Number of protein chains: 2
Amino acid sequence: TKCPIRPLHTYLRISDLKGCKEGDNVTIKGWVNNTRKMKKTSFVDIVDGSCASALQVVLGKNLSDSVDVVFGSSVEVSGVIGSTPKKQLELRAEDYRVIGNCPAEGFPFAARHSYNSDYVREHLHLRSRIAPFAAMLRVRNAAQRAIVDFLHTEGFLQIHTPILTASDCEGAGEVFRVRPDSQELLKGMQKEEIPLEEAFFDCRTYLSVSGQLHLEAMAHGIGNCFTFGPTFRAENNKSPIHLSEFYMLEVEQVFTSSLSDCILLISRMVRSVTEKLLDTCSDDISVCHGESKGNLFEWLGDSKEFPILTFQEAVEILQRNSDRLKVPIDPKEGLMKSHELFLTDFCCSPVFIVDWPAALKPFYMRPTDHNPTLVSALDFLVPRIGELIGGSLRENDYERLKEKIPAGSEWYLNLRRFGGIPTAGFGMGFERYLQYLLNVHNIRDVIPFPRWPHSCSL
Amino acid sequence: TKCPIRPLHTYLRISDLKGCKEGDNVTIKGWVNNTRKMKKTSFVDIVDGSCASALQVVLGKNLSDSVDVVFGSSVEVSGVIGSTPKKQLELRAEDYRVIGNCPAEGFPFAARHSYNSDYVREHLHLRSRIAPFAAMLRVRNAAQRAIVDFLHTEGFLQIHTPILTASDCEGAGEVFRVRPDSQELLKGMQKEEIPLEEAFFDCRTYLSVSGQLHLEAMAHGIGNCFTFGPTFRAENNKSPIHLSEFYMLEVEQVFTSSLSDCILLISRMVRSVTEKLLDTCSDDISVCHGESKGNLFEWLGDSKEFPILTFQEAVEILQRNSDRLKVPIDPKEGLMKSHELFLTDFCCSPVFIVDWPAALKPFYMRPTDHNPTLVSALDFLVPRIGELIGGSLRENDYERLKEKIPAGSEWYLNLRRFGGIPTAGFGMGFERYLQYLLNVHNIRDVIPFPRWPHSCSL
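About the thresholds
- Residues numbered from 1 in each chain as written.
- Chains lettered and ligands numbered in written order.
- Predicted model: local features only at pLDDT ≥ 70, side-chain atom pairs only at ≥ 80, totals over all residues.
- Heavy atoms only, no water.
- Pairing = 2+ DSSP bridges.
- Helix = DSSP H or I, 4+ residues; strand = E, 2+ residues; numbered from the N terminus.
- Contact = heavy atoms within 4.5 Å.
- Axes fitted to C-alpha atoms, helices over the stretch in contact; angles between N-to-C directions.
- Domains from an automatic or database assignment.
- Buried area = accessible area lost by both parts, 1.4 Å probe.
- Salt bridge = Lys/Arg side-chain N within 4 Å of Asp/Glu carboxyl O.
- Polar contact = N/O pair within 3.5 Å; in protein donor to acceptor, adjacent residues only side chain to side chain.
- Nonpolar A, V, L, I, M, F, W, Y, C, P; charged D, E, K, R; others polar.
- Phe/Tyr/Trp six-rings, centres within 6.5 Å; stacked < 30°, edge-to-face > 60°.
- Buried < 20%, exposed > 50% of the residue type's maximum accessible area, 1.4 Å probe, protein only.
- Lys NZ or Arg CZ within 6 Å of the ring centre and 35° of its normal.

Asker: What exactly am I supposed to notice about the sheet that holds strand 16 (residues 423-429) of chain A here?
Answerer: The strands that make up a sheet are held in pairs by hydrogen bonds between backbone atoms, and each pair lies either parallel or antiparallel. Residues and elements named next belong to chain A. Read across the open sheet, the eight strands follow the order 6-10-11-16-15-14-13-12; overall the sheet is mixed. The strands lining the two open edges of the sheet, one partner per strand, are strand 6 (157-158) and strand 12 (308-310). By the bridge criterion, three bridges tie strand 12 to strand 13 (residues 351-357) in an arrangement that is parallel. Looking at strand 13, one finds that Thr-310 is bridged to Val-354. Sheet strands in contact with helix 5 (residues 212-222) are strand 6, strand 10 (225-232), strand 11 (245-254) and strand 16, and its direction is about 30 degrees off that of strand 11. Together, strand 12, strand 13, strand 14 (374-382) and strand 15 (386-393) form the strand contacts of helix 9 (residues 337-347), whose direction differs from that of strand 14 by roughly 70 degrees.

Written as structure tokens, this is what we have:
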């Protein structure tokens, strides 16, 4: 009803200046990004993180002579809005106040320099001061929002699946273990027959590698739902598409017996979210793309559906083109990244690969109706990245699942016993989506604080 | 542009039936929640997780005689929309198909029973089938969304601060440590002079107890921002307001030198989010409140601001009322929960406590201008819960911070050295907010998979 209506702050953000006209009195706060000193005036570009644009501030002779404009300093500037010869808004300063100085000595960045991302990443705590990284942060925020909005609109409920878990969902063994730091605490909590390490929870505890099984439990009462959060892999893999801590979207669709329902949902989500971001974040996306122009998203232009290949068809394409592959395809091993990229190039589009050999996929996937050695699984491959999404129909036959289920997951089996339903679902690596959207080579540059083998800075 | 327009599914969810009228042909899918068999017809209540309401399905004599209606089973029902004598929509079934049976043996719930939450919590994986818990899940989803929407509208950017961290922000020592499960992996990664336990990241690694310091680093380039995610405490505390893994909202306001800016933001957020939820989730909130009627949110009715007491004033109130306190107030120890609840009762409202003794608060808080032994900190206390939010101005004076900063946090100090800015921020326990909103006694009942000492089920 009646909230206090005083604004949260009295200065304007640069992204808000669109609403201003010449002659308006405004105050802005931000950081000095560039400066050009002339005889009579100085031009100072200010950025404040709100958008990709800098605001040009003009200091007349008095101010220009009396203040020391230093790159990287935080400042408060008041004045009158004017217009440049190119009809861009500028701020004619009447007052220029330094909030925090920025000594050049020790500061890793300087005006009019651009830095490669390896160098920038050495200074994680200051990365948000660098334009392409700040642009990435804004797109990351918008992308999460667009995904969540899409799923809410389609009737999916967001569920927080746990980070700490007693079960190792994928059974791959690449998990982190967790225990309290304090030995004293553990000793005080220990019960008979429980090893000291496990005294806090009375069991071995891991960081989640996937929230899927927990999500399915909620889906069996609440219906369509998703989880979006951090996920962990203790894998000694330093590739540019792997992190030890990454964000994953996992979606579960209820009352679904056909993989085509899952394909439809994924197609619609990827298309809708990508269109929205290209539309609303075009400036920031351009900053991230940098030099590499050209339309990276040609498939958006038409309304065609993404091609769908069976695993067998994909293998045959790769076999027919073996002369163009560095490493030949071995169907028993599945697809390597180079094979995935060949297939997206071959299709000139993202592509679904469906109906996989059961041996290549986890226990919870459902056999196809026509061939019990195959499972109703999909990989969604995109250009430049390879696998972006993996999904499947879930095994909902109690007796068949009982044969396959790992020890300790009886609760999961019981979901099929008491009013069970057919479901399907998928998982998408959020950082890989951002790499794809922003054309960023290294996954460490699309997350604020990357963690990878031998590196957990800050 | 042109997404495929086939609907994601051909059945309707019960929450969508509002758009239906008598005579419409529909199919629904859900679980049998209740059944009343008459001579000629049966009435079956179906729930599907989409809303608090069940749909009454009417089985005519033929169906009623031929199908076995079992509590908890999943079913698909097609028929024609009709209207009950009380003008509620009902579904006159033409087809009733069981998807998954639900044997009574082994299923922990039965029709027409209500269960206490301790019992329900023993069956975590089936909790979403219980009406008050499903209602809580829907409100939890809506509450997260309302908070994020509010902050986006106010211009705050969502940032993912890391879960794995090399720093122990609060310095309280109540942290979980993390290492890979595989000794083989560690041996293969070990470098000279690094202990085996630390070989994965080359340092001790903890689960985050707060994303604040990392959030501040991003705020120093991107401006106003927030983080919302899981947070961990290795504390042997089984109280009904503590969890080992809980969700925390942390917000950082830039260019802020006055605690009143922070108070304004909190007041507006709590008011706006609570009003929105009481408005849009009233059915679900009623299910959670159960018997306990009465207006728990009287303060929403007026536009008065929340009262603000200094810590000193709060202590004096408690001292004047010592005969009504079980445990007297000791100002050196700060406020106990019973003191917090006395103060919210005393004020008949949520209340801010500001200007705390520095000794009671962490190193990163800024001294008040008028008294260097106090810090510009706030606790926001709410009835029935006590502390919901804690916040402060951040120490932005480089020299003063240098005196106080723990070893290993030099990067945080450097934020003040290179274009530093004054900021303020706060953290809110999301589950405590849900407890407050839904009047739920035990915090373990407002999170899907609660973790507390000696318990990490599933």
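Asker: Hey, could you run me through the domain arrangement of chain A in this one?
Answerer: All names here are of chain A. What the domain assignment lists for chain A is domain 1 (14-112) and domain 2 (131-174 + 209-445). Between the C-alpha centres of domain 1 and domain 2 there is a distance of 44 Å. Between domain 1 and domain 2, the contact holds four residues from the first and four residues from the second. When domain 1 packs against domain 2, close to 260 Å² is buried across both sides, 53% of that on carbon and sulfur atoms. The three residues of domain 1 that bury the most area against domain 2 are Gly-49, Cys-51 and Ala-52, which together make up 86% of that side's buried surface. Where domain 1 touches domain 2, the interface holds zero salt bridges. Where domain 1 packs against domain 2, one counts two residue pairs in polar contact (both at pLDDT 80 or more).

Asker: What's the story with the interface of chain B and chain A in this structure? I'm lost.
Answerer: By convention, interface size is frequently given as the accessible area that disappears when the constituent parts associate. At the interface, 130 residues of chain B touch 130 residues of chain A. For the pair chain B and chain A, the summed buried surface comes to about 10,600 Å²; carbon and sulfur atoms form 60% of the total. There are six salt bridges connecting chain B and chain A. The closest approach of N and O atoms between Arg-204 of chain A and Asp-181 of chain B, which form a salt bridge, is 3.9 Å. The interface formed by chain B and chain A includes 50 residue pairs in polar contact (both at pLDDT 80 or more). It is helix 3 (residues 131-153) of chain B that contributes the most residues to the side of chain B that touches chain A, eleven residues altogether. Of the residues assigned to the side of chain B that touches chain A, the class counts are 62 nonpolar, 39 polar and 29 charged. Strand direction decides the pairing type here: strand 8 (residues 176-180) of chain A and strand 8 (residues 176-180) of chain B, joined by five bridges, are antiparallel. Within the sheet, the bridge partner assigned to Pro-180 of chain A lies in strand 8 of chain B and is Phe-176 of chain B.

Asker: Even after reading the chapter, I still don't get the packing of aromatic side chains, so can you show me in this structure?
Answerer: Applying the stated criterion across every chain, the model contains 48 aromatic pairs over all chains. Here the aromatic rings of Tyr-115 of chain A and Tyr-119 of chain A are separated by 5.2 Å at their centres, their planes lie at 20 degrees, and the arrangement is stacked. Residue classification places Tyr-115 of chain A among the partly exposed residues on the basis of a relative accessible area of 25%. The interplanar angle of 65 degrees and the centroid separation of 5.2 Å between the aromatic rings of Trp-299 of chain B and Phe-306 of chain B together place this pair among those described as edge-to-face. Here Trp-299 of chain B falls in the buried class, since its relative accessible area comes to 7%. Each member of the aromatic cluster is reached from another via a ring pair, and the members are Phe-71, Phe-107, Phe-109, Tyr-115 and Tyr-119 of chain A together with Phe-418 of chain B. The ring centre of Trp-356 of chain A lies 4.2 Å from the NZ or CZ of Lys-361 of chain A, which sits over that ring. When the ring centre of Trp-452 of chain A is taken as reference, the NZ or CZ atom of Arg-444 of chain A above it lies at 4.0 Å.

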